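Chain residues, written in single-letter form:
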Amino acid sequence: MTQTNKNIFYITMIFAMAGWGASWVNAKVLSSYINEYEMIFFRNAFTLITLAPVLVFARKYFYINKKSLLLCIITSIVMIAYMKCYFLGTKYGTASLGGALVTTLIPINTFLFMAIFYKKRVLKKDIFALILGGIGVLTMLHVWTFNAAQIFTTENMYFLMASILWPILTIVSSKSTKTSPMVFTFYMYLIMTILVSIFFVDFKNINYEGFDYIFWINLFIVSVISTTFATTVYFLGIEKLGANEVSTFIFLVPFFAILFSAIFLKEHISLSIIIGTIMTLFAVKILNNIKIRRK
């Protein structure tokens, strides 16, 4: 890949990360129109419609082996639980806190899971990073106020659960072999859609008449931009640039979530969220040996 093409791809990656950051704002807006299961259905429906042509164009097609299909069913159930926590957290709390807390805590929790269950070696720098990340998370949760009512809020519990569920999803899906990650993702969304349609969504009681242009814009962004576009660009980035280089862009997600929350939702961004986010991002950088600057 030439330097010019790399620069173009870097810009595209920034837009993809902006889409992921914006999804927290979209969820907050959509929570006033539909519940969490309806959001999963509508989001996935739009994603499937737009992701299918991408798979054909990229020649990934739709082949999946039996092992991957079984893993898809498991990850679909975990993903439904994650989406519920993600949606209800933003509904009752703020998109800025969710976008900052969950996206920075996920890689830390993933590292902990790997260290505990897969005997991943923990170095001194990792211990320092975990302590730093822990302090950052506690700062975001306003733990230094020593106010239990402010710390153990409903939204905080939903966000913490989301940050635990996603590493489980990541570890389970990583066991999939001989199946493209994009194809695996497609079937996961398909199975999720079928499950929520059968067990959780009451289509007769959905207030379709209340769906105005604000609803459709946010649904389009959260499904087509934040999911189909961002996911496709991310996987292409791993193939073209490598996982380590692409991982540096993840650092932009919480900042976009905070920025868009302040602009579009007029949320007050507390100093504790900013300081806590910076601390946890440094922890993630150390844990994953991410190099921001390269020669």
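Residues numbered from 1 in each chain as written. Predicted model: local features only at pLDDT ≥ 70, side-chain atom pairs only at ≥ 80, totals over all residues. Heavy atoms only, no water.

**Here we look at the side chain of Thr232**
One can find Thr232 in helix 9 (residues 213–241). Beyond its immediate chain neighbours, meaning those up to four positions away, Thr232 contacts Leu51, Val54, Met182 and Thr227. (Helix = DSSP H or I, 4+ residues; strand = E, 2+ residues; numbered from the N terminus. Contact = heavy atoms within 4.5 Å.)

**Remarks on a nonpolar patch on the surface**
Among the surface-exposed residues, Val122, Ile127, Ile131, Ile135, Leu138 and Trp144 lie close enough to one another that they form a single nonpolar patch of about 530 Å² accessible area. Examined against the element boundaries, Leu138 turns out to sit in helix 5 (residues 124–140). (Patch = residues over 30% accessible without salt bridge, like charges linked within 9 Å, V, L, I, M, F, W, Y side chains within 5 Å. Areas by Shrake-Rupley, 256 points an atom, 1.4 Å probe, with all protein chains shown as cover. Salt bridge = Lys/Arg side-chain N within 4 Å of Asp/Glu carboxyl O.)

**What to know about unusual backbone geometry**
The general pattern is negative phi for most residues beyond glycine and trans for most peptide bonds. Positive phi values are uncommon outside glycine, yet His142 reaches one of about 60°. By the secondary structure assignment, His142 is in the loop between helix 5 and helix 6 (148–151). Located in the positive-phi region is Lys266, a residue other than glycine, with phi close to 55°. Considering the arrangement of structural elements, one finds Lys266 in the loop between helix 11 (252–264) and helix 12 (271–287). The class of Lys266 is exposed, set by a relative accessible area of 67%. (Buried < 20%, exposed > 50% of the residue type's maximum accessible area, 1.4 Å probe, protein only.)

**Quick look at the pattern of salt bridges**
What the rule picks out here adds up to one salt bridge. Between Asp126 and Lys125 there is a salt bridge whose closest N-O contact spans 2.8 Å. Given a relative accessible area of 3%, Asp126 falls into the buried group. Assessed through its relative accessible area of 30%, Lys125 is described here as partly exposed.

**Brief notes about the environment of Phe46**
Within the fold, Phe46 resides in helix 2 (residues 36–57). On the basis of relative accessibility, which here comes to 29%, the residue Phe46 falls in the partly exposed class. The spatial distance from the C-alpha of Phe46 to the C-alpha of Asn205 is 20 Å, given a sequence separation of 159 residues. Excluding residues within four positions of it along the chain, Phe46 makes contact with Trp216, Leu219 and Ser223.

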